[in-house]
Amino acid sequence: MDFQLSEEQTLIRNMVHEFVEQHVRPMADEIDRNHRFPEESIAPMAELGLFGFNLPEQYGGSGIDSVAYAVASEEMAKVSASHAMIMGSQCTLTTPILVKYASDEIKERIIPKMIAGEALGCFCLTEPGAGCDAASQRTSAVRQGDSYVLNGSKMWITNAPQSKIFIVFAMTDFNKGVKGISAFLVERGAPGAEGLSTGHPEEKMGMGASHTTEVVLKNVVVPAANRLGAEGQGFKIAMETLDGGRGGGAAMATGLAQAALDSTVAYTKERVQFGRPIAANQGVQWMIADMATRIECARLMTHRAAAAKDSGLPCTKESAMAKLYATETAMYVTEKAVQLHGGLGYTRAFAVERLMREAKLTEIFEGTSEIQRIVIAGQVLR
Amino acid sequence: MSKLANIYVFSDKPSRIRDLIGVATPLGDKVTAIVIGAQPEAQAAAAAGAATIIAIPSQEGVIVEDYAPSIAEAIRGAGAAGLVLLAAGKRGKCLAAKLGAALRAAVVNEASAISLDGGLAVSHMVYGGLANATETISSPLAVVTVASGALEAAPCQAVAGAEIRQGVFVPPAHPIRLVKREAKAGQAVDLAASRRVVCVGRGFAKKEDLSLAGDLASAIGGDVGCSRPIAEGEGWMEREVYVGVSGVMLNADIYIALGVSGQIQHMVGANGSKTIIAVNKDKNAPIFNFADYGIVGDLYKVVPALVAALK
Amino acid sequence: MNIIACCKIVPEDQDIAVKPDRTLDLSKAEPKISQYDLNAIEAAIQIKEQSGNANVVALSAGAAKTLGNSKIRKDILSRGVDSLTLVADDSLEGRLPADTASVLAAAARKTGFDLILCGEGSGDIYAQQVGILLGEMLGVASINGVSRITAGDGTVLVERTLEDEIETLELALPAVVSVTADINTPRIPSLKTILAAGKKPTVTETLDGIGYQAPAPVAAMTSVKAPEQSDRKKKIIDGDSDADIKAFIESIRPELTA
Ligand SMILES: Cc1cc2nc3c(=O)[nH]c(=O)nc-3n(C[C@H](O)[C@H](O)[C@H](O)COP(=O)(O)OP(=O)(O)OC[C@H]3O[C@@H](n4cnc5c(N)ncnc54)[C@H](O)[C@@H]3O)c2cc1C
Ligand SMILES: Cc1cc2nc3c(=O)[nH]c(=O)nc-3n(C[C@H](O)[C@H](O)[C@H](O)COP(=O)(O)OP(=O)(O)OC[C@H]3O[C@@H](n4cnc5c(N)ncnc54)[C@H](O)[C@@H]3O)c2cc1C
């Protein structure tokens, strides 16, 4: 058994590292503080292929390698989790659905644009009344001839203000419950989509540069060809997509934690109290040992879930465990990091303050920690 | 070891000939200056302290680098043993390598020391300034470029009745055609010769703010330099005034760093200064490990106060 | 047009440690492509993009144990070159510039070329002469300090930004040109070029295979040592309140008025 990254995966990590150090680090604090979407990052990210992860080469993607994606997401999150979110919404939540379920015409028309960063996509599942209980969808899709008419509203949608491509889940048959949910592609700007609108970005605790808004659908008409998968297949599509997305969330959390640990190691070796660096205290050393150990574990679980996915092995439990453990690790580590930076940790002088705010989200989105436990328990008790 | 019998000096810049002869004098018994031109150029070399001068006739439209075969020929004619000193600009380095190839001589650029103890040995910086490497020369001749102020130069007297010999122009095998040459707008100062230097780093938010550094420099009677990103990334200042391993090596009395982090590649250029003063808002910036005096603070607050206090 | 971009593999200088006796510990320094050689590679691929029909070969000479690292080979190939030629021999470890240039010359003669591009100096010994030595050994035109290149018909126009002037020169091909760090910003390899790197051709040459004959040595590197740290006073004032600034000014005033 070999726990090494492949040469390509290592080069991909170096590539993302070079990109974030050159391009993202100088703006990371500013975009978070000003809640500014980093428009200027989209083209360079596309050029590096960062929107083409896990997509077939025929559309201009890089082929399947979830471990490489995890490595990239971790590296990105070390510097800006908002950038990792933007990448994740595109690479794990939207394009894979189109690749698997859209018609050839749609795939050939849209996927290259998404890879080129000309069209961003968003995943519209959550509703005011359907959070953890994603199955209780109220958005409706009514068949009219060759079209569907969509009505309803979605909440907490990442990338929505900047998106052209909306993957919307809606009820085609309210009587069938979960089996009545279907998935649709809505293209902003297409005829019939005039009734699609996005709201103001929520004022979030962190991830300021990744915009999250409401998406309102008022009599939005989409061609039947824009239905993704069969009628009633929507919930399955949503869940399997989230299975994949979880790996990205876990990797992002690992990156946040690693950045917080790196800052802590440097700071505690430097900061002198009682005549010696605070890292010389065993109490501090034990905290750092725990932080490092948990991060190591989070990374291994994340890579293992990704590797299982790429080998076509079942990975629902593995992904959920990785997401749960990595995100709780991110919260644990960033909280300790703020603690060990003392008063300065509670200011914007160090990134650990932002990292802690960013870490909190990872426990909530793409399925809360509680939901991950429900999934894991379901698998274990089966 | 005793002195070298012969040292040859050539400078593509008239301003450097005196200090190269000054570096050569303690190292060699006989210093020969090679110049391109005729009487006036030869006399200038004599005035700078050269006892023997070889004058290669100047050619229309030939770039300095293409005099390499002629200079090589002059040196060969004079014995081709000892040391050739050149000014460490781009032209000097190009010539050095061309001479090295033509005369099968070792070439060392930007010497930080030249020693004659136990044979000729020349040191220069390696690994981005992290270390000094010493090369022991085994070829009869070595070609070395020297940056302004990098090596101690002995004071030299003008030589009356210097011996002036006529060199020959040897055309290069693959002449390079000069298409266009323009003087750069605004001559940059020679920071290596400055006594006091105020250095601009990336802590400055925009180009307009550089006047702050200018104000401080005039208040202390110094010049303004910068870190590499200010010259090469931002392009706010000339490349000739960035301090560091690939830029200028300072020999100043006072160096004041404003918003400079103090990476090794920069500091090796600044460390030649007698007193180092740093203003940086990051307490952990490496610059404070190299500083005599420092303040952990915002340069936008500190510098105006400093200027006001010094007026 | 056949372009060779020379690139040296050097230790990552960030990871070089200074030992107590001031010698260097390179054991933790991973190999990487020398910074300025990335400028040479980028210049080569920009010429290719402009002229449309050029072939860019990356050429690296060095110890077999370094160049045998297939990750570093893929790294070079991911930068946009068409192929890679290596001259790998453990005797090439730590060679001085005259030797390096003669190895590169032998390899370039075998490969064939119209234009060779070099960086201004390597990240390890930064000797700043290999390009010119190479040109002289090959008997072709050579120049350094180049900050712009325009390929013409059988010639290249190069711009040099010198200390106090800017000049444009025309060199007849074949030629060797050393470029400066500000000629371009080397692009970061993309996901695609990284994944394609393993499929690009690599030719590994031996010293015998390129007909290399070692020139008589001209110098030997006899010591590499970190300079002694000069003791600084380190009187640092932590804070920029008005009182702090006043104290700072008072501490440095004697120096400034001396
Ligand atoms: C920044 C951000 C970005 C997001 N991006 C997207 C996106 O792009 N697309 C999208 O569709 N959604 C997105 N979401 C929505 C996210 O997935 C939901 O917020 C999440 O699923 C939780 O839903 P909720 O907020 O309605 O919380 P609720 O469902 O109201 O849950 C509240 C609490 O109750 C707990 N809980 C609920 N049910 C149970 C149970 N059965 N057992 C135990 N505990 C339970 C939860 O774990 C949680 O702690 C985003 C959210 C945020 C904050
Ligand atoms: C091969 C190689 C060769 C190199 N050669 C050189 C060289 O010759 N010369 C050179 O300079 N560099 C060189 N470098 C680059 C060098 O490594 C550093 O990147 C560079 O010196 C950093 O410049 P800086 O200190 O201006 O910028 P930064 O490192 O970005 O530092 C800016 C500093 O400003 C401080 N600051 C920000 N705002 C304020 C404020 N308002 N008030 C006070 N302080 C503030 C910050 O705390 C920070 O410390 C080389 C690099 C390589 C790889």
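Residues numbered from 1 in each chain as written. Chains lettered and ligands numbered in written order. Predicted model: local features only at pLDDT ≥ 70, side-chain atom pairs only at ≥ 80, totals over all residues. Heavy atoms only, no water.

Colleague: Hey, could you run me through the overall build of chain A in this one?
Modeller: Helix and strand counts for chain A stand at 11 helices and 10 strands. Principal axes of the C-alpha set define a box for chain A whose edges measure 80 × 45 × 40 Å. Relative to its full complement of 382 residues, chain A shows a buried share of 56%. Counted over contacts in chain A with a minimum sequence separation of 6, partners at least 24 positions apart contribute 73%. Carbon and sulfur atoms provide 55% of the accessible area of chain A, an area that totals close to 16000 Å². In chain A, 37 positive and 44 negative side-chain charges are present, and the distance between their average locations comes to 5 Å. (Helix = DSSP H or I, 4+ residues; strand = E, 2+ residues; numbered from the N terminus. Buried < 20%, exposed > 50% of the residue type's maximum accessible area, 1.4 Å probe, protein only. Contact = heavy atoms within 4.5 Å. Areas by Shrake-Rupley, 256 points an atom, 1.4 Å probe, with all protein chains shown as cover. Lys, Arg positive; Asp, Glu negative; His and termini not counted. Charge placed at Lys NZ, Arg CZ, Asp CG, Glu CD.)

Colleague: Explanation requested: the overall build of chain C in the structure shown.
Modeller: Within chain C, the regular secondary structure consists of seven helices and 15 strands. Each principal axis of the C-alpha distribution contributes one length, and for chain C these read about 70 × 40 × 40 Å. Per-residue burial over chain C gives 52% buried out of 258 residues. Long-range pairs, those at least 24 residues apart, make up 73% of the contacts in chain C between residues at least 6 apart in sequence.

Colleague: Please explain the interface of chain C and chain A as it appears in this structure.
Modeller: Where interface size is quoted, it is often the accessible area lost as the parts come together. Listed by partner, the interface residues are 12 residues for chain C and 17 residues for chain A. Between chain C and chain A, roughly 1500 Å² of surface is buried when both sides are summed, and carbon and sulfur atoms account for 67% of that area. The interface formed by chain C and chain A holds three salt bridges in total. With a closest N to O distance of 2.7 Å, E7(A) and K74(C) form a salt bridge. Listing elements by their share of the side of chain C that touches chain A, those giving two or more residues are α3 (70–77) and α6 (191–197) of chain C. The class makeup of the residues in the side of chain C that touches chain A is five nonpolar, two polar and five charged. (Buried area = accessible area lost by both parts, 1.4 Å probe. Salt bridge = Lys/Arg side-chain N within 4 Å of Asp/Glu carboxyl O. Nonpolar A, V, L, I, M, F, W, Y, C, P; charged D, E, K, R; others polar.)

Colleague: Would you take a moment to explain the nonpolar core for this structure?
Modeller: The nonpolar side chains of a soluble globular protein tend to be buried, and buried together. Formed by 61 residues in total, the largest nonpolar core has its most connected members in F19(A), L50(A), F53(A) and M76(A). Of the residues forming this core, the biggest block, nine residues, is contributed by helix α8 (residues 316–340) of chain A. Here this core spans two domains, since at least three of its residues come from each of domain 1 (7–118) and domain 3 (235–381) of chain A. Within the second largest apolar cluster, 56 residues are counted, among which are V243(B), I287(B), L306(B) and I249(C). (Core = buried A, V, L, I, M, F, W, Y, C linked by side-chain atoms within 4.5 Å. Domains from an automatic or database assignment.)

Colleague: Can you help me understand a nonpolar patch on the surface in this one?
Modeller: There is a patch of nonpolar side chains on the surface, built from M1(A), F3(A) and L300(A) and spanning about 430 Å² of accessible area. For L300(A), the position within the fold is in helix α7 (residues 282–310). (Patch = residues over 30% accessible without salt bridge, like charges linked within 9 Å, V, L, I, M, F, W, Y side chains within 5 Å.)

Colleague: Is there a simple way to explain the site of ligand 1 in this structure?
Modeller: Residue and element names in this part refer to chain A. Near ligand 1, the surroundings consist of 16 residues, among which F123, T126, W156, T368 and E370 are the closest. In this structure, an oxygen atom belonging to ligand 1 sits 2.8 Å away from a main-chain N or O atom of C132. Contact between ligand 1 and T158: a nitrogen atom at 2.7 Å from a side-chain N or O atom of the residue. If ligand 1 stood free it would expose 970 Å²; the protein chains cover 65% of that surface. Among the secondary structure elements, those contributing two or more residues to the shell around ligand 1 are β3 (147–158) and α11 (369–380). If you tally residues by element for the shell around ligand 1, the top one is β3, at three residues. (Near = heavy atom within 4 Å. Polar contact = N/O pair within 3.5 Å; in protein donor to acceptor, adjacent residues only side chain to side chain.)

Colleague: What exactly am I supposed to notice about the site of ligand 2 here?
Modeller: Residue and element names in this part refer to chain B. Taken together, 26 residues lie near ligand 2, and R202, S227, V243, S261 and N280 sit nearest. Within the contact set of ligand 2, an oxygen atom lies 2.5 Å away from a side-chain nitrogen or oxygen of S227. At 3.1 Å, a backbone N or O of G259 approaches an oxygen atom of ligand 2. Burial of ligand 2 by the surrounding chains reaches 82%, relative to a free accessible area of 990 Å². At the level of secondary structure, the elements contributing two or more residues to the shell around ligand 2 comprise α6 (228–233), α7 (264–270) and α8 (299–310). Class assignment of the residues belonging to the shell around ligand 2 gives a composition of eight nonpolar, 13 polar and five charged.

Colleague: Which parts of the structure should I look at to understand the interface of chain B and chain C?
Modeller: Contacts between the two partners involve 82 residues from chain B, matched on the other side by 74 residues from chain C. Buried surface at the junction of chain B and chain C, summed over both partners, amounts to about 6700 Å²; 55% is from carbon and sulfur atoms. On the chain B side of the contact with chain C, K90(B), Y127(B) and Y293(B) bury the most area, a combined 12% of that side's loss. Across the chain B-chain C interface, the total number found is 10 salt bridges.

Colleague: Help me understand helix α7 (residues 242–257) of chain C in this model?
Modeller: In an α-helix, one turn spans 3.6 residues; hence positions three or four apart end up facing the same way. Residues and elements named next belong to chain C. Taking 1.5 Å per residue, 16 residues should reach 22 Å; α7 reaches 22 Å between its end C-alpha atoms and fits that length. Of all the bends in α7, the greatest reaches close to 35 degrees and is centred on S251; the proline P254 follows between one and four positions later. Within α7 the residues assigned to the buried category are I245, F248, I249, I252, E255 and L256. (Expected span 1.5 Å × (residues − 1). Bend = angle between axes of the 7 residues up to and from the residue.)

Colleague: Quick question: what am I supposed to make of the domain arrangement of chain A here?
Modeller: Residue and element names in this part refer to chain A. The domain boundaries assigned to chain A delineate domain 1 (7–118), domain 2 (121–232) and domain 3 (235–381). For domain 2 and domain 3, the distance between their C-alpha centroids amounts to 30 Å. Across the contact, 14 residues belong to domain 2 and 13 residues belong to domain 3. Regarding the contact of domain 2 and domain 3, the summed buried area is about 1100 Å², with carbon and sulfur atoms giving 84% of it.

Colleague: Please clarify how the packing of aromatic side chains should be interpreted in this entry.
Modeller: All names here are of chain A. This model, assessed by the stated rule, comprises seven aromatic pairs over all chains. Centroid distance F53 to Y69: 5.3 Å. Interplanar angle 80 degrees. Geometry classified as edge-to-face. A residue pair is termed long-range when its members are at least 10 positions apart, and F53 in the loop between α2 (39–47) and α3 (66–79) and Y69 in helix α3 qualify at 16 residues. Of the two residues, F53 and Y69, both sit in the buried class. The aromatic ring of Y332 is capped on one face by R294, whose charged end is 3.6 Å from the ring centroid. (Phe/Tyr/Trp six-rings, centres within 6.5 Å; stacked < 30°, edge-to-face > 60°. Lys NZ or Arg CZ within 6 Å of the ring centre and 35° of its normal.)

Colleague: So what exactly am I meant to see when it comes to the packing of helix α1 (residues 7–33) of chain A against α3(A) here?
Modeller: Any two packed helices are characterised by how steeply their axes cross, that is the angle between the axes, and by the distance between the axes. Residue and element names in this part refer to chain A. In the contact formed by α1 and α3, the axes pass within 8 Å of each other and the chain directions differ by 25 degrees. The angle between α1 and α3 falls in the class roughly parallel. Remark: the crossing between α1 and α3 carries right-handed chirality. Contacts from Q9, I12, R13, V16, H17, F19, V20, E21, V24, R25 and A28 in α1 reach V67, A68, V71, A72, E75, M76 and V79 in α3. Of the residues that constitute the contact of α1 with α3, the class distribution is 12 nonpolar, two polar and four charged. (Axes fitted to C-alpha atoms, helices over the stretch in contact; angles between N-to-C directions. Parallel < 35°, antiparallel > 145°, perpendicular 65-115°, else oblique. Left-handed = near helix turned anticlockwise from the far one by under 90°.)

Colleague: Just checking my understanding: could you explain the pairing of strand β3 (residues 52–56) of chain B for this structure?
Modeller: The side chains of a regular strand alternate between both faces of the sheet. All names here are of chain B. Within β3, five of the five residues are buried, which leaves the element mostly enclosed by the surrounding structure. Of the two faces of β3, the one holding T52, I54 and I56 and the one holding I53 and A55 are both buried throughout. Bridge count between strand β2 (residues 28–36) and β3: five bridges; the pairing is parallel. Bridging from a neighbouring strand, I34 pairs with I54 of β3. Tracing the backbone out of β2, into helix α2 (residues 39–47) and back to the parallel element β3 gives a crossover that is right-handed. Alignment of β3 against strand β10 (residues 163–166), held across four bridges, turns out to be parallel. Across the sheet, residue I53 finds its bridge partner in β10, namely I164. (Pairing = 2+ DSSP bridges. Right-handed = clockwise from strand over helix to strand, strands pointing away.)

Colleague: I would appreciate a short explanation of unusual backbone geometry in the present structure.
Modeller: Working note: non-glycine residues mostly have negative phi, and peptide bonds are mostly trans. Look at the link from L173(C) to P174(C): it is a cis peptide, with omega at -5 degrees. Mapped onto the elements of the fold, P174(C) is located in the loop between β11 (165–172) and β12 (175–179). One non-glycine residue, W156(A), lies in positive phi territory at about 60 degrees. Of note, W156(A) is situated in strand β3.

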